[in-house]
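Commentary on secondary and tertiary structure
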Amino acid sequence: MNRIITALDFADVSKAQELVDRLEPSLTRLKIGNQLFTLAGPAFVERCQKAGFDVFLDLKYHDIPNTVASAVEAAASLGVWMVNVHASGGPAMLNAARDAVKQYDRDAATGGGTRIIGVTVLTSFDRDELSATGLDIEPADQVARLATLARQAALDGVVCSPHEVGLIRSIAKNNFLTITPGVRPDPASAVPLGNISSHGGRPDDQRRTLTPFDAILAGSDFLVIGRPITQAASPIDVLAALAAEVQIASAQAAG
Ligand code: C5P
């Protein structure tokens, strides 16, 4: 299974296109977020899909149930592989979003269907930040609460830190995907990147990162990786090394 999702975080559409042209659908899926989608829109999504890539449309919808359901249905109509909503939108919004995806899949056969994923607590939130929004609890407790809501609404999984995968598994053991950003290759990993990576394993603005190997062993289903791939001198070589590392970890986790 192809478990790496490359985050296409670009301010320049032609740079994003250049990278897509250098990547391989057998090695990665693609994540298109607010910045690139605002600049390049559905046409860019369709170009990626025509090139054979599965697209995770990371727009983190959060609005009244009817509006979110309509947005999710619009995303599903593009045939994207995955879309996400804020789990803090509450049960009515989550149920409406899930029904919109299911309805669309039944009506229009999107080729395997669009997965719908919940965002729990943004990793940029610490206890103080949560408290400032009126939630005087530990972020991990809020993650658990929101993951439970996502599970109860029959979403397909959640986006979470690789350090939270164990917590999520204690809430939902099977058939519930964990999608984890905050992944950084270890320069001395099972498949060393050596000098093929000009990015190295630096954390950038990510905190408490895990290597691809450890994230898979922790139980993560899909790894979202941006700058270590997008800023590499040879993104395809880095991707191939990361995919090999993920394969070794997956075999170890299965055995
Ligand atoms: O470049 P890097 O590997 O840090 O990119 C990670 C990607 O995952 C970015 O697109 C970022 O917005 C996204 N993300 C994240 N942390 C979250 C949710 C999403 O880093 N909690």
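The strand order around the closed barrel built from 8 strands is S1-S2-S3-S4-S5-S6-S7-S8, with neighbouring strands paired in parallel fashion. Averaged over all pairs of adjacent strands, the angle between strand axes in this sheet comes to 25 degrees, irrespective of strand direction. Where strand S4 (residues 82-86) and strand S5 (residues 115-119) come together, 5 bridges link them in parallel fashion. If you follow Val85 over to S5, its bridge partner there is Gly118. Along the sheet, helix H10 (residues 235-254) contacts strand S1 (4-7) and strand S8 (222-225); its crossing angle with S1, the most-contacted strand, is approximately 150 degrees.

Backbone geometry places Lys60, a non-glycine residue, at a positive phi of 45 degrees. Mapped onto the secondary structure, Lys60 falls in strand S3 (residues 55-61). We note that Ala154 has phi near 60 degrees; this positive angle belongs to a residue other than glycine. Among the structural elements, Ala154 can be located in the loop between helix H6 (139-152) and strand S6 (157-159). Residue Ala154 is classed as partly exposed on the basis of its relative accessible area of 36%.

Here helix H2 (residues 34-50) is 17 residues long, yet its end C-alpha atoms lie only 21 Å apart, well below the 24 Å a rise of 1.5 Å per residue gives. At Ala40, H2 shows its maximal bend, which comes to roughly 105 degrees, and the proline Pro42 appears one to four places after that position. Turning to H2, its buried residues number three or more, namely Leu36, Phe37, Ala40, Gly41, Phe44, Val45 and Cys48. Buried-residue contacts for H2 involve helix H1 (13-22), strand S2 (29-33) and S3. At the C-terminal side of H2, Gly52 shows a positive phi close to 100 degrees.

Conventions adopted
Residues numbered from 1 in each chain as written. Predicted model: local features only at pLDDT ≥ 70, side-chain atom pairs only at ≥ 80, totals over all residues. Heavy atoms only, no water. Pairing = 2+ DSSP bridges. Helix = DSSP H or I, 4+ residues; strand = E, 2+ residues; numbered from the N terminus. Axes fitted to C-alpha atoms, helices over the stretch in contact; angles between N-to-C directions. Contact = heavy atoms within 4.5 Å. Buried < 20%, exposed > 50% of the residue type's maximum accessible area, 1.4 Å probe, protein only. Expected span 1.5 Å × (residues − 1). Bend = angle between axes of the 7 residues up to and from the residue.

What is shown is where atoms sit, not what they do.
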